[in-house]
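Inside the fold
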Amino acid sequence: MKASIASYINVDRIVHEPARLVILTVLAETDKMEFRFLEKISGLTKGNLSGHISKLEQAGYVEVDKFFRGKVPVTSLKITPIGRNALEKYRKELNGALTHRPTILSAIRKRVRSLP
Amino acid sequence: MNQTVSAQYNPSNEDIAALQRLQNLTHEYALFSRDAVGLGHVIGGALVFIILFLLRAHFLRAWEGIFLGATPYIWIVAKEQLRFHYYQSSGQVTLPARRWHNLILGILAAFFALGIVAIIVALKLSPRFFQGGPIALGPVRNATLCIVILLAMPFLIWRYLRSPYEFVTGVYLLSLSAFLLSGNLQIGEVFGGGLGIVAGAVALVMILAGYAEHMKFIRLRREIRALKEPA
């Protein structure tokens, strides 16, 4: 049980953020995805989405490819194997936490009560 | 942030369900980059029926032969345009490559290589087989044209004919095209007979499947648009 609590508390904060979790989840379903589809499916604004993608790119979780189709600039995104592993690990930890939720909560309460 | 994922994030079963829904919508949309062709299937099926009608109606005239020979290329261009400008108009989303896809293509390439050898043998034994037709260039040139089309087939199949229906119909249309453009208008007996019945049956299923896919796409587009609307 202690391991479950620890894993829940120490989840990957880059993946844990809801917007980034959405981005990684939908990217994991595909090979490549254009920015404008991600904008539609996530419901995020362009600026907000760009910010989250930059963080994911810095962490090495996504690859960003920018090119021109005719005269139109296109941004294409792809989840990296590192990003896929991070998402899978996060899912397992979250599933474990949800399965043991009542036990985890009672353990946390006990710990809080024991604090001076 | 999406209406289905709470801003104050507290992972719950509802959030997981919302993520699952986004994942499913993305997957369904991405299918239109490969397996789902929608109206492209309907066009392909309709073209097969036009071909079967012409092959069975009478002995082909030259312009009809050229039209039939050009049919697979017209179809490929039409369905790719539809895919790009209509089904993937919200942005290109592609699915990962299938492992067995390259294996099937390898087998197919070997099969076409045998076909090319057969053409060369036929040219040696019976040059008249490659005479006449809509483009009468002489036996050697007509046979070369046939070989060029057969050589291009594995690439065309790999790049443009990804669903099982597209595969069957595409191979039928491309083979017909190769023989018609090589100067064989009499080939109708083969392609309009037993092969034609199989191609016709596949074309019928393809039209129905294409229509169902198109309706599915309309529902999918509505759902994706609804994601942006306030709750």
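Residues numbered from 1 in each chain as written. Chains lettered and ligands numbered in written order. Predicted model: local features only at pLDDT ≥ 70, side-chain atom pairs only at ≥ 80, totals over all residues.

Some words on the overall build of chain B
For the record, the criterion: Helix and strand labels come from DSSP, where a helix needs a run of H or I of at least four residues and a strand needs a run of E of at least two; each type is numbered from the N terminus. Put plainly, a residue is buried at 20 or more neighbouring C-beta atoms within 10 Å of its own, exposed at 12 or fewer, and partly exposed in between, counting only other residues' C-beta atoms, which are placed from the backbone. Whether two residues are in contact is decided by their C-beta atoms, placed from the backbone, lying within 7 Å.
Each helix and strand in chain B was counted, giving 8 helices and 1 strand. Order of helices (α) and strands (β) in chain B, N terminus to C terminus: α-α-α-β-α-α-α-α-α. Per-residue burial for chain B yields a buried fraction of 34% across its 231 residues. Across chain B, the fraction of contacts at a sequence separation of at least 24, relative to all contacts at a separation of at least 6, is 84%.

Observations concerning the packing of helix α2 (residues 39-57) of chain B against helix α6 (residues 164-181) of chain B
All names here are of chain B. Our working definition: Where helices are involved, their axes are fitted lines through C-alpha atoms of the stretch in contact, as for all axes, and angles between N-to-C directions lie from 0 to 180°. Should an angle fall under 35 degrees it is taken as roughly parallel, and over 145 as roughly antiparallel, whereas 65 to 115 is taken as roughly perpendicular and any remaining angle as oblique. For any pair of crossing helices, the crossing counts as left-handed if the nearer helix is rotated counterclockwise from the farther one by less than a right angle, and right-handed if it is rotated clockwise. Residues are grouped as follows: Ala, Val, Leu, Ile, Met, Phe, Trp, Tyr, Cys and Pro are nonpolar; Asp, Glu, Lys and Arg are charged; all remaining types, including Gly, are polar.
Relative to each other, α2 and α6 sit at 40°, their axes nearing to 11 Å. When the interaxial angle is binned, α2 and α6 end up oblique. Two packed elements cross with a definite hand, and for α2 against α6 that hand is left-handed. Of the residues in α6, those in contact with His41, Gly44, Val48 and Ile51 of α2 are Tyr165, Glu166, Thr169 and Leu176. Looking at the contact of α2 with α6 residue by residue, the classes come out as 4 nonpolar, 3 polar and 1 charged.

Comments concerning α6 of chain B
Which entries qualify depends on this criterion: In a helix, the anticipated span is given by 1.5 Å times the number of residues less one.
For α6 of chain B, spanning 18 residues, the distance from its first C-alpha to its last is 25 Å, which sits close to the expected 26 Å at 1.5 Å a residue. Among the 18 residues in α6 of chain B, 15 count as buried, and that is most of the element.

Brief notes about the sheet that holds strand β3 (residues 72-79) of chain A
Pairing between the strands of a sheet comes from backbone hydrogen bonds, and it takes one of two forms, parallel or antiparallel. In plain terms, the rule: Strand pairing is defined by DSSP finding a minimum of two bridges between the two strands.
Taken in spatial order, the 4 strands make up an open sheet running β2(A)-β3(A)-β1(A)-β1(B), and their pairing is antiparallel. The outermost strands of the open sheet, each flanked by one partner alone, are β2 (62-69) of chain A together with β1 (93-94) of chain B. Two strands pair when backbone bridges link them, and strand β1 (residues 32-34) of chain A and β3 of chain A are joined in this way by 2 bridges, in the antiparallel orientation. Paired with Glu34 of chain A across the bridge in β3 of chain A is Ser76 of chain A.

Side note on the interface of chain A and chain B
Facing the 21 residues of chain A at the interface are 24 residues of chain B. Of all the elements in the fold, those that place two or more residues in the side of chain A that touches chain B are α3 (18-28), β1, α4 (35-42) and α6 (81-99) of chain A. Counting residues per element, the side of chain A that touches chain B draws most heavily on α3 of chain A, at 6 residues. Sheet topology places β1 of chain A next to β1 of chain B; 2 bridges connect them, and they run antiparallel. Looking at β1 of chain B, one finds that Met33 of chain A is bridged to Val93 of chain B.

A short note on the pairing of β2 of chain A
All names here are of chain A. Relative to β3, β2 runs antiparallel, the two sharing 8 bridges. Looking at β3, one finds that Phe67 is bridged to Val74. Here β2 folds back onto β3, and the loop between the two strands holds 2 residues, one of which, Gly70, carries a positive phi near 70°.

Structural notes on the nonpolar core
Threshold: Think of a nonpolar core as buried Ala, Val, Leu, Ile, Met, Phe, Trp, Tyr and Cys residues chained together by C-beta atoms that fall within 7 Å.
In terms of nonpolar packing, the biggest core is built from 34 residues, with Val22, Ile23, Leu24, Val26, Leu27, Leu38 and Val62 of chain A touching the most fellow members. For this core, the secondary-structure elements that each account for two or more residues are α3, α4, α5 (46-58), β3 and α6 of chain A together with α1 (13-31) of chain B. Looking at this core element by element, the count peaks at 7 residues for α3 of chain A. Ignoring anything within four residues of it in the chain, the contact list for Leu38 of chain A reads Ile23, Val26, Met33, Leu49 and Leu77 of chain A.

What about the confidence of the model for chain B?
Residue and element names in this part refer to chain B. Definition in use: The predictor's confidence in any single residue is recorded as pLDDT, a number from 0 to 100.
Across chain B, pLDDT averages 78, with 80% of residues at or above 70. Mean pLDDT per element in chain B: helix α7 (residues 188-192) is the minimum at 65, and β1 is the maximum at 90. Between residues 1-8, whose pLDDT stays under 50, and residues either more than four places distant or in other chains, the model counts 19 contacts. This prediction of the complex comes with two scores: 0.76 for pTM and 0.77 for ipTM.

Some remarks on the environment of Ala36 of chain B
All names here are of chain B. Residue position: Ala36 is located in the loop between α1 and α2. Remark: the alpha-carbon pair of Ala36 and Tyr87, spanning 51 residues in sequence, is separated by 9.3 Å. Setting aside anything within four residues of it in sequence, one finds Ala36 in contact with Leu31 and Glu213.

Describing the environment of Tyr211 of chain B
Relative to the helices and strands, Tyr211 of chain B resides in helix α8 (residues 194-228). Through-space distance from the C-alpha of Tyr211 of chain B to that of Ala201 of chain B is 16 Å; in sequence the pair is 10 residues apart.

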